[in-house]
Amino acid sequence: MSQELQKIIAGRRAAEFVQNDMVVGIGSGSTIAHVIEALGERVVKENLKIVGVATSEKTRRNAAQLGIPMYNVDDVDKIDLTIDGADQIADDFSAIKGGGAALLWEKIVAFNSRENIWVVDATKRVSKLNQYLPVEVIPYGSDQLFKRFQADGFHPTWRLDQNGNPVRTDSANFLIDLHLPLIENPRELGDELIKMVGVVEHGLFTDVVNRVVIGENDHTAKILEVK
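Residues numbered from 1 in each chain as written. Predicted model: local features only at pLDDT ≥ 70, side-chain atom pairs only at ≥ 80, totals over all residues. Heavy atoms only, no water.

J.: How should I be thinking about the nonpolar core in this particular structure?
T.: Val18, Ile26, Leu39, Ile50, Ile68, Ile83 and Ile117 are the most contacted members of the largest nonpolar core, which has 25 residues in total. Those elements that provide at least two residues to this core are helix H1 (3-15), strand S1 (23-26), helix H2 (30-45), strand S4 (81-84) and strand S7 (116-121). Ranked by the residues each element gives to this core, the list is headed by H2, at six residues. One finds Val135, Leu145, Leu178 and Leu193 within the second-largest nonpolar core, a separate group that totals 21 residues. (Core = buried A, V, L, I, M, F, W, Y, C linked by side-chain atoms within 4.5 Å. Buried < 20%, exposed > 50% of the residue type's maximum accessible area, 1.4 Å probe, protein only. Helix = DSSP H or I, 4+ residues; strand = E, 2+ residues; numbered from the N terminus.)

J.: Would you mind going over the packing of aromatic side chains with me for this structure?
T.: Where two aromatic rings form a pair, the distance of their centres and the angle of their planes describe that pair. This model, assessed by the stated rule, comprises three aromatic pairs. With centroids separated by 5.0 Å and ring planes inclined at 5°, the aromatic side chains of Phe146 and Trp158 adopt a geometry described as stacked. You can see Phe146 sitting in helix H5 (residues 142-151) and its partner Trp158 sitting in strand S9 (residues 156-158), a full 12 residues away along the chain. Between Trp158 and Phe174, the aromatic rings sit 6.2 Å apart at their centres with planes inclined by 90°, giving edge-to-face as the arrangement. Of this pair, Trp158 sits in strand S9 while Phe174 sits in strand S10 (residues 174-178), and the two are 16 residues apart along the sequence. In textbook terms, an aromatic cluster arises when at least three aromatic residues are bridged by ring pairs, as seen for Phe146, Trp158 and Phe174. (Phe/Tyr/Trp six-rings, centres within 6.5 Å; stacked < 30°, edge-to-face > 60°.)

J.: In this structure, what is going on with the pairing of strand S14 (residues 221-225)? I would like to understand it.
T.: For a regular strand, side chains alternate in direction, first toward one face of the sheet and then toward the other. In the sheet, strand S13 (residues 211-215) pairs with S14 via five bridges, with the strands oriented antiparallel. Bridge pairing in S14 places Gly215 opposite Ala221. Connecting S13 to the antiparallel partner S14 that follows it, the hairpin turn spans five residues, and His219 within it adopts a positive phi of roughly 70°. (Pairing = 2+ DSSP bridges.)

J.: Can you walk me through the environment of Ser56 in this structure?
T.: Examined against the element boundaries, Ser56 turns out to sit in the loop between strand S2 (51-54) and helix H3 (57-65). Residue Ser56 is classed as buried on the basis of its relative accessible area of 8%. In the structure, Ser56 is positioned 113 residues away from Thr169 in sequence and 9.0 Å away in space, judged by C-alpha atoms. Apart from residues no more than four positions distant in its own chain, Ser56 is found in contact with Ser28, Ala102, Trp105 and Asp170. Only 3.2 Å separates the side chain of Ser56 from the side chain of Ser28, close enough to count as a polar contact. (Contact = heavy atoms within 4.5 Å. Polar contact = N/O pair within 3.5 Å; in protein donor to acceptor, adjacent residues only side chain to side chain.)

J.: Explain the pairing of S13 to me, please; I cannot follow it from the model alone.
T.: Within S13, five of the five residues are buried, leaving the element largely enclosed by the surrounding structure. Burial along S13 is two-sided: Arg211, Val213 and Gly215 and Val212 and Ile214, pointing in opposite directions, are all buried. As paired elements, S7 and S13 share five bridges and run parallel to each other. Bridging from a neighbouring strand, Val120 pairs with Ile214 of S13.

Take a look at the structure:
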């Protein structure tokens, strides 16, 4: 089965967890596009009444176009459920997010949610995190921070657009990607990074997810409950 079909199966299955009158955090990325599509269909066909809170401007626009009322995170009292993707999920249910440059908003929405579901295709599961780690940084002093990352052996690279300019997040910050061969202790690394002056947020997500929906090769969606 293709990776795209796995994403479709997982995304549509995850959308079934959304119930009437929920405030729903809606994540970012290619898999979440299928969640948004499924929710939009339910709004029309089932008269589903929900309010959405977006983790990126792109998500806000796409969801609003499908008839989902979208609110700012500060305009709601609570978020019942957030559905988001992940770049990698390890066996301990830590994850790397931020490949789409939305990690700060994603983390704000996630940690203000009563429940979090991650939706991925089967390729995103790994025993330990081993892909590049996005770090969102304030532009002022970012060169100094980059040098510190180099000195600490984190092998940083700037996230650049097609014109060679720094990618700007929805909060107008820069992204530095760290290239570590293996992240043995994501909590420890996350604590180290967040204490560095100039770091706004990092893409390590730990102790946040309640359920993982995985699109499998056999045309089914595996659901993992996180204790």
